[in-house]
Amino acid sequence: MGDLIYPQNTIAVLQKYQFNFQKKFGQNFLIDAHVMDKIIASAGVTKDSFVLEIGPGIGTMTQFLCESAKAVAAVEIDKNLIPILQDTLSSYHNVDIIHEDILKMDIGQLVLEKNGGKPIRVVANLPYYITTPIIMELFESRIPLESITVMVQKEVAERMKADAGTKEYGALSLAVQYYANPEIAANVPPNCFIPRPKVGSAVICLNCHKNPPVRVKDENLMFDIIRASFNQRRKTLVNGLNNFSKIPLTKEQIIQSIKMAGMPANVRGETLTLSQFAELSDCVYDMIKKP
Ligand code: SAM
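Please read all numbers here as calculations on a predicted model, not as lab measurements.

(A) Local environment of the overall build of the chain. For the chain, the helix and strand inventory stands at twelve helices and nine strands. The principal-axis extent of the C-alpha atoms belonging to the chain is close to 70 × 40 × 30 Å. The buried share of the chain, taken over its 291 residues, is 51%. Residue pairs in contact within the chain that sit at least 24 positions apart in sequence constitute 65% of those at least 6 positions apart. Taken together, the 31 basic and 30 acidic charged side chains of the chain have centroids lying 6 Å from each other.

(B) Summary view of the pattern of salt bridges. As enumerated under the stated definition, the model contains nine salt bridges in all. Lys-167 is the salt-bridge partner of Glu-168, the closest N and O atoms lying 3.1 Å from each other. Given the relative accessible area of 28%, Glu-168 is considered partly exposed. Overall, Lys-167 belongs to the exposed group, its relative accessible area being 72%. Asp-286 is the partner of Lys-217 in a salt bridge, and the nearest nitrogen-oxygen pair spans 2.9 Å. Of this pair, Lys-217 sits in the loop between strand E9 (201-208) and helix H9 (219-231) while Asp-286 sits in helix H12 (residues 274-289), and the two are 69 residues apart along the sequence. Here Lys-217 falls in the partly exposed class, since its relative accessible area comes to 47%. Within the structure, one salt-bridge network assembled from shared partners comprises Asp-224, Arg-227 and Lys-246.

(C) Fine view of the site of the ligand. Residues in close proximity to the ligand total 22 residues, the closest being Leu-30, Gly-55, Glu-76, Asp-101 and Asn-125. In this structure, an oxygen atom belonging to the ligand sits 3.3 Å away from a main-chain N or O atom of Gly-57. Protein contacts shield 97% of the accessible area of the ligand, which totals 600 Å² for the unbound molecule. Listed by contribution, the elements that provide at least two residues to the shell around the ligand are strand E1 (29-30) and strand E3 (71-76). Its residues placed into classes, the shell around the ligand shows eleven nonpolar, six polar and five charged.

(D) Local environment of the nonpolar core. In terms of nonpolar packing, the biggest core is built from 72 residues, with Leu-52, Phe-139, Leu-145, Ile-148, Leu-206, Met-222 and Leu-280 touching the most fellow members. Leaving out residues up to four positions away in the same chain, Phe-139 has contacts with Leu-145, Ile-148, Val-176, Tyr-179, Ala-180, Leu-206 and Cys-208. Among the nonpolar cores identified, the runner-up in size contains 28 residues, and Ala-43, Ala-69, Val-95 and Phe-193 belong to it.

(E) Focus on the sheet that holds E9. Spatial ordering of the open sheet is given by E4-E3-E2-E5-E6-E9-E7, a layout of seven strands whose pairing is mixed. Whereas interior strands pair on both sides, the edge strands pair on one side only; in this sheet they are strand E4 (95-99) and strand E7 (180-188). Neighbouring strand axes in the sheet, compared pairwise and without regard to direction, differ in orientation by 15 degrees on average. With four bridges connecting them, strand E2 (residues 50-54) and strand E5 (residues 120-125) associate as parallel partners. Residue Ile-54 lies in a different strand from E5, and its bridge partner there is Ala-124. Packing of helix H5 (residues 107-115) onto the sheet brings it into contact with E2, E3, E4 and E5, and relative to E2 it is tilted by some 145 degrees.

(F) Seen up close, the packing of helix H6 (residues 128-140) against helix H8 (residues 171-179). Running from amino to carboxyl end, H6 crosses H8 at an angle of 40 degrees, the nearest separation of the two axes being 10 Å. The pairing of H6 with H8 is recorded here as oblique in orientation. Where H6 crosses over H8, the handedness of that crossing is left-handed. Each of Thr-132, Met-136, Phe-139 and Glu-140 in H6 lies in contact with H8, whose residues at this interface are Leu-172, Ala-175, Val-176 and Tyr-179.

(G) Quick look at the packing of aromatic side chains. Using the criterion set out here, one finds nine aromatic pairs in the structure. With a centroid separation of 5.4 Å and an interplanar angle of 85 degrees, the aromatic rings of Tyr-178 and Phe-223 are classed as edge-to-face. Of the two residues, Tyr-178 sits in helix H8 while Phe-223 sits in helix H9, which places them 45 residues apart along the sequence. Within the aromatic cluster, the residues linked to one another by ring pairs are Phe-139, Tyr-178, Tyr-179 and Phe-223.

Criteria and thresholds
- Starting afresh in each chain, residues are numbered from 1 along the sequence in its written order.
- It should be noted that, the model being predicted, local features are given only for residues of pLDDT at least 70 and side-chain atom pairs only at 80 or more, the latter also being counted only at that level, while totals for whole chains, interfaces and linings use all residues.
- The basis for every side-chain value is the complete set of non-hydrogen atoms in the structure, without hydrogens or water.
- Strands are runs of DSSP state E lasting at least two residues, helices are runs of H or I lasting at least four, and both sets are numbered from the N terminus onward.
- Working definition: with a 1.4 Å probe on protein chains only, accessible area under 20% of the residue-type maximum means buried, over 50% means exposed, and in between means partly exposed.
- Two residues qualify as a contact provided that any one of their heavy atoms is within 4.5 Å of a heavy atom in the partner residue.
- When charges are counted, neither His nor the chain ends are considered; positive counts come from Lys and Arg and negative counts from Asp and Glu.
- By convention, charge coordinates are those of NZ in Lys, CZ in Arg, CG in Asp, or CD in Glu.
- Salt bridges are counted wherever a side-chain nitrogen of Lys or Arg sits within 4 Å of a carboxyl oxygen of Asp or Glu.
- By convention in this text, a residue qualifies as near a molecule or strand provided that one of its non-hydrogen atoms is within 4 Å of it.
- Here a polar contact is taken to be a pair of N or O atoms separated by no more than 3.5 Å, where protein atoms must pair a possible hydrogen donor with a possible acceptor and residues adjacent in sequence count only if both atoms sit in side chains.
- Using a 1.4 Å probe, the Shrake-Rupley method yields the accessible areas, and only the shown protein chains count as cover for residues.
- Ten residues, namely Ala, Val, Leu, Ile, Met, Phe, Trp, Tyr, Cys and Pro, are considered nonpolar, four, namely Asp, Glu, Lys and Arg, are considered charged, and the remaining ones, Gly among them, are considered polar.
- In this description, a nonpolar core means a group of buried Ala, Val, Leu, Ile, Met, Phe, Trp, Tyr and Cys residues linked to one another through side-chain atoms lying within 4.5 Å.
- Paired strands, as defined in this entry, are two strands with at least two bridges between them according to DSSP.
- In this analysis, axes come from line fits to C-alpha atoms, helices being fitted only over the stretch in contact, and the angle between any two N-to-C directions falls in the range 0 to 180 degrees.
- When an angle is under 35 degrees it counts as roughly parallel; over 145 it counts as roughly antiparallel; between 65 and 115 it counts as roughly perpendicular; any other value is oblique.
- Handedness of a crossing follows from how the near helix is turned relative to the far one, being left-handed for an anticlockwise turn of less than a right angle and right-handed for a clockwise one.
- Planes of paired rings set the category: under 30 degrees apart is stacked, over 60 is edge-to-face and the rest tilted, where pairs are Phe, Tyr or Trp rings (Trp by its six-membered ring) whose centres lie within 6.5 Å.

Dropping the structure here:
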């Protein structure tokens, strides 16, 4: 096991390099070995896996990953952490330390170069405000993926996993569940990090579907309909869709599409499952195309 699982070693490394935590990079370093074990176990990393770790910090999780995976690419934005990572990871020969902003990187190219375009596993503990955009970017740009295992704010994990009709259910739940099967692997309290964050966290594992669970004629249209339905949560689905400029149908045509999809005209968007949104999307598609 890597020596950074002992919090006193993390503190020693931070002191040796006189490291100053940078708030703008959301730096809260994990110091709890049980949580790291859970991340590794739920991430499904094996000796065949290529892992992209986003935001390795001082390399605590990276040490675990190097021991479990075939190869690891660790992408870190903070230049002050690069010499530290070169030190803490010096005994591992299956890791590439990359000094980059993940938001500016061509991840598809990295997967092609380092893993011959075969699916990779992503592990990340990132500033929470960029985590959801990165997850969606990974999904939408069709990066070949087996899984994404990320630390997120507890409420965000609950929203990703939420079922239709619950108060946590929304566009994020449907987007994530279209691409993957979400499982919460651990709840992580603030005392598992230094410095301690103000919010509770959770590790969520998104096991990617080989094929989406529903098939639709126009994926973008379905996500437009989903967004329109949740934009105005208290409105009925008809009004939500009618107020959305990207859907070029009259109120009457929207009511007809909803009925064709087998739902009552006064249905609320937040009660619809992914299959029902898919069904509705195809009915709206046919209505738009109707001569
Ligand atoms: N993974 C480490 C751990 O668990 O101890 C560090 C986690 S800390 C919450 C977030 C890490 O992501 C920091 O090391 C930070 O510098 C890095 N980071 C923040 N924004 C980034 C970006 N856009 N690209 C790459 N790394 C980033």
